[in-house]
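Residue strings, one per chain:
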Amino acid sequence: MTANTSTTFANLVHARRSVYEIGTNSDVTVDDVAATLRNITGRLPSAVNSQSTRLVIVTGEKSDAVWDMVHEDQKTALSPEMYEIFAPRFEQAKKGLGTVLMFESRDAVENMGLSPDRNELYKENNHGIAAFGVWLALTELGLGASLQHFNVGYEQGYDAKIREYLGLPADFEMLAQMPFGSIEEPGAQKPSIAPEEHVFIA
């Protein structure tokens, strides 16, 4: 049997790009985005069915305020060299329709019933699966997005001010941010190694 390489899933995977130049020129509403994400999140696989991922969509002034908080913290969290590289992202992110803030519930993670090390490993796995699912869902809606990991860890209290500002539970640990909007400038093609170097038959 020959594999079908033209499926909707494969097309979405190939279409997905890191899009930094985003805008508001889209008929897709934030309600559309929320409905789409609610339709898929319950079906995303998670370790021991922990379902630890929590998504918070912020728009308008709230999105701007969150990015201002992120920016302020990153001035000291990043080295001067790295800050120069990432500085444009904070303002670019504010130009779109909104941002999906990606959290993991610490309570759900700690209740996996596994060792602390495995809990942390599987937390990252859960986040990765959710991030990819959200990104593909936004791509299917015709929106551009990028995945940003501006965080210095729950233990350091980095995201406490954001949780407080948005009225979120104390156990929400922010792992990433995904600003989204209309595609004002297509994402760049990035080099990829040959498929045969990714996938082997042993």
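The structure under discussion appears in the preceding block.
These numbers come from a predicted model, not from an experiment.

Student: An account of the overall build of the protein is needed here, citing residue identities and associated values.
Tutor: Counting its regular elements, the protein contains 8 helices and 5 strands. Counted from the first residue to the last, the protein has its helices and strands arranged as α-β-α-β-α-α-β-α-α-β-α-β-α. Counting only residues that meet the buried cut, the protein has 42% of its 202 residues in that class. Across the protein, every contact between residues at least 6 apart in sequence was considered, and the portion connecting residues at least 24 apart equals 82%. With the model as given, the accessible surface of the protein reaches about 11,600 Å², and the carbon-plus-sulfur share is 52%.

Student: I'd like a description of unusual backbone geometry, backed by residues and values.
Tutor: Even without being a glycine, V48 presents a positive backbone phi close to 45 degrees. With respect to the helices, strands and loops of the structure, V48 is situated in the loop between helix 2 (30-41) and strand 2 (53-58). V48 sits in the exposed class, given a relative accessible area of 52%. At N49, a residue that is not glycine, the phi angle is positive and equals roughly 50 degrees. Following the sequence through the fold, N49 ends up in the loop between helix 2 and strand 2.

Student: So what's going on with the packing of helix 3 (residues 60-77) against helix 4 (residues 80-92)? Residues and values would help.
Tutor: Helix 4 packs onto helix 3 with a crossing angle of 170 degrees between their chain directions and a minimal axis gap of 10 Å. It follows that helix 3 is roughly antiparallel to helix 4 by the angle criterion. Here helix 3 contributes W67, V70, H71, Q74 and K75 to the contact with helix 4, which in turn contributes Y83, F90 and E91. Within the contact of helix 3 with helix 4, the residues separate by chemical class into 4 nonpolar, 2 polar and 2 charged.

Student: Quick one: what's the story with the packing of aromatic side chains, residue by residue and with numbers?
Tutor: One pass over the full model with this rule turns up 5 aromatic pairs. Plain terms: the ring middles of F90 and F150 are 4.9 Å apart, the flat faces sit at 45 degrees to each other, and that makes the pair tilted. Of this pair, F90 sits in helix 4 while F150 sits in the loop between strand 4 (144-145) and helix 7 (160-166); the two residues are 60 residues apart in sequence, bridging distant segments of the chain. Here F90 and F150 have matching classes, each one buried. Taken together, the ring pairs in this structure connect W67, Y83, F86, F90 and F150 into an aromatic cluster. Against the face of W135 rests R16, its NZ or CZ located 4.3 Å from the ring centre. The ring centre of Y20 lies 4.0 Å from the NZ or CZ of R89, which sits over that ring.

Procedures and definitions
Residues numbered from 1 in each chain as written. Predicted model: local features only at pLDDT ≥ 70, side-chain atom pairs only at ≥ 80, totals over all residues. Heavy atoms only, no water. Helix = DSSP H or I, 4+ residues; strand = E, 2+ residues; numbered from the N terminus. Buried < 20%, exposed > 50% of the residue type's maximum accessible area, 1.4 Å probe, protein only. Contact = heavy atoms within 4.5 Å. Areas by Shrake-Rupley, 256 points an atom, 1.4 Å probe, with all protein chains shown as cover. Axes fitted to C-alpha atoms, helices over the stretch in contact; angles between N-to-C directions. Parallel < 35°, antiparallel > 145°, perpendicular 65-115°, else oblique. Nonpolar A, V, L, I, M, F, W, Y, C, P; charged D, E, K, R; others polar. Phe/Tyr/Trp six-rings, centres within 6.5 Å; stacked < 30°, edge-to-face > 60°. Lys NZ or Arg CZ within 6 Å of the ring centre and 35° of its normal.

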